[in-house]
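In case you want the letters, here they are:
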Amino acid sequence: MLYLILFGAPGSGKGTQSDLLVEKYQLTHLSTGDLLRKEIASGSQLGQEIDQYISKGNLIPDQLMIDILNKTMDACNSSKGFILDGFPRTVAQAQALDEMLQTREGASTILVNLEVERQELINRLLKRGETSGRSDDNLETIQKRLEVYEAKTKPVNDHYKAKNQHAHIDGMGSVEVIFERIEKAIQPII
Ligand code: B4P
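This report concerns the structure included in the present document. (Residues numbered from 1 in each chain as written. Predicted model: local features only at pLDDT ≥ 70, side-chain atom pairs only at ≥ 80, totals over all residues. Heavy atoms only, no water.)

### Structural notes on the pairing of strand β3 (residues 81-85)
Let me state the cut-off plainly: The cut-offs for exposure are 20% and 50% of the maximum accessible area for each residue type, with area from a 1.4 Å probe on protein chains only; residues under the lower value are buried, those over the upper are exposed, and the others partly exposed. What counts as a helix is a DSSP run of H or I of at least four residues, what counts as a strand is a run of E of at least two, and both are numbered from the N terminus. The pairing criterion for strands is at least two bridges between them, as found by DSSP.
Of all five residues in β3, five are buried, a share of seventy percent or more. Burial along β3 is two-sided: Gly-81, Ile-83 and Asp-85 facing one way and Phe-82 and Leu-84 facing the other are all buried. Looking at chain direction, strand β1 (residues 2-8) and β3 are connected through five bridges and run parallel. Bridge pairing in β3 places Leu-6 opposite Asp-85. When strand β2 (residues 28-31) meets β3, the two strands line up parallel, connected through four bridges.

Structure, rendered in structure tokens:
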């Protein structure tokens with residue numbers, strides 16, 4: 001079973017490329033951002049708590065995120081494998097995922113790191129903000145999210161580099177060209 005981690009800064013195209021990968025390879029898409037936004041939209045107390053973190057550009061606490069993902073993965077029946085879009089976002093989440101996958105037979109993992117220049121990330125997210133209605137797609141929150149990415153999320157790369165489960169992708173260019181680069185990188189494992 002394949003566990004393909006789509007990794008990158010906010011706006012690097014994780015969600016966009018996930019949609020193309022799901023269509024072509026019939027993988028099950030797990031977007032932690034989407035899961036969290038669904039919880040917020042439900043109006044639950046948990047959703048209100050989550051919204052406090054997301055709208056300020058912060059990550060939600062590791063244990064809460066790990067519990068939500070674990071529960072969702074248990075409820076999913078996937079024959080081909082999973083795309084993890086937006087998880088892990090901290091080294092603690094990466095370690096928790098290692099543990100989760102130890103209990104799943106024949107799991108193979110690859111982290112695909114989409115590298116995009118900072119100004120391009122800001123431009124994409126501001127453009128998305130014109131129509132997304134997302135509370136975190138504004139300049140102040142985007143800058144905070146990029147800071148959090150540098151401090152807490154980027155180190156996850158090294159975790160997977162050390163395990164030889166890492167592919168670096170130039171995330172600048174058209175959606176189609178980037179998709180071709182990803183396909184080339186995952187060919188040996190998919
Ligand atoms: P996410 O929902 O994961 O979203 P994202 O990082 O903003 O965007 P993504 O990289 O998917 O970009 P997209 O394809 O949309 O996270 C939201 C928040 O949830 C986080 O800040 C955090 O608070 C919380 N959260 C999520 N996971 C968590 C976790 N594990 N732990 C704790 N908290 C967590 O692309 C962006 C825009 O660019 C789109 O409009 C797209 O059309 C455009 N675009 C994409 N590719 C392009 C290209 N090649 N050229 C031009 N435009 C492009």
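### Some points on unusual backbone geometry
Here the bond from Phe-87 into Pro-88 is cis, since omega is 0°, no more than 30 degrees from zero. Notably, Gln-26 is not glycine yet its phi reads approximately 50°, a positive angle. Residue position: Gln-26 is located in the loop between α1 (14-25) and β2. One non-glycine residue, Asn-164, lies in the positive phi region at around 60°. Here Asn-164 is to be found in the loop between α8 (156-162) and β5 (166-170).

### What about the site of the ligand?
This is how the line gets drawn: If even one non-hydrogen atom of a residue comes within 4 Å of a molecule or strand, that residue is called near it. For the purposes of these results, a polar contact is taken to be a pair of N or O atoms within 3.5 Å, where, inside protein, one atom must be able to donate a hydrogen and its partner to accept one; residues adjacent in sequence count only when each atom of the pair is a side-chain atom. All accessible-area figures derive from a Shrake-Rupley calculation using a 1.4 Å probe, and residue coverage is judged against the displayed protein chains alone.
As a structural note, the neighbourhood of the ligand is formed by 30 residues, with Thr-16, Thr-32, Asn-58, Arg-128 and Arg-145 the closest of them. Here a nitrogen atom of the ligand sits 3.0 Å away from a polar atom, N or O, in the side chain of Arg-89. Within the side chain of Arg-145, an N or O atom sits 2.6 Å from an oxygen atom of the ligand. For the ligand, whose accessible area on its own is 1000 Å², the fraction buried by protein is 86%. For the shell around the ligand, the elements supplying multiple residues, two or more each, are α1, α2 (32-41), α6 (118-132) and α9 (175-186). Of the residues forming the shell around the ligand, the biggest block, four residues, is contributed by α2.

### Side note on the packing of α1 against α9
Put simply, the rule reads: The axes used here are C-alpha line fits, helices contributing only the stretch in contact, and every angle between their N-to-C directions lies in the interval 0 to 180 degrees. Angle categories are assigned with fixed cut-offs, so that under 35 degrees is roughly parallel, over 145 is roughly antiparallel, 65 to 115 is roughly perpendicular, and the rest are oblique. When the near helix sits turned anticlockwise from the far one by under a right angle, the crossing is termed left-handed; a clockwise turn instead gives a right-handed crossing. What makes two residues a contact is simply this: any of their non-hydrogen atoms within 4.5 Å.
As a packed pair, α1 and α9 sit with axes 10 Å apart at the nearest point and diverge in direction by 60°. When the axes of α1 and α9 are compared, the pair comes out oblique. Crossing handedness for the pair α1 and α9: right-handed. Here α1 contributes Thr-16, Gln-17, Leu-20, Leu-21, Lys-24 and Tyr-25 to the contact with α9, which in turn contributes Val-175, Ile-178, Phe-179, Ile-182, Glu-183 and Ile-186.

### Considerations on helix α5 (residues 91-102)
Rules: The span you would expect from a helix comes to 1.5 Å times its residue count less one.
With 12 residues, α5 should cover 16 Å at 1.5 Å per step; its first-to-last C-alpha distance of 17 Å lies within 8% of that length. What α5 keeps buried is the set Gln-93, Ala-94, Ala-96, Leu-97, Asp-98, Met-100 and Leu-101. Residues of α5 that are buried in the fold lie against β1, α4 (62-75), β3, β4 (108-115) and α8.

### Digging into the sheet that holds β3
Reading across from one edge, β2-β3-β1-β4-β5 is the order of the five strands in this open sheet, with parallel pairing throughout. Across the chains shown, the open sheet's two edge strands, defined by having one partner strand only, are β2 and β5. Pairs of neighbouring strands in the sheet enclose a mean axial angle of 20°, with direction left out of account. On the sheet, α9 packs against β1, β4 and β5 and is oriented at approximately 160° with respect to β5.

### Quick look at α9
Test applied: Comment: arc refers to directions from the helix axis out to C-beta atoms.
Under the 1.5 Å per step criterion, the end-to-end length of α9 is 17 Å for 12 residues, consistent within 8% with the ideal 16 Å. Ile-178, Phe-179, Ile-182, Glu-183 and Ile-186 are the residues of α9 that are buried. For α9, the angular spread of the buried residues around the axis is 145°, confining them to a single face. Seen from the buried face of α9, the exposed residues on the opposite side, beyond 90 degrees, are Glu-180 and Lys-184. Taken together, the buried residues of α9 touch β1, α1, β4, α6 and β5.

None of this, on its own, says anything about what the molecule does.
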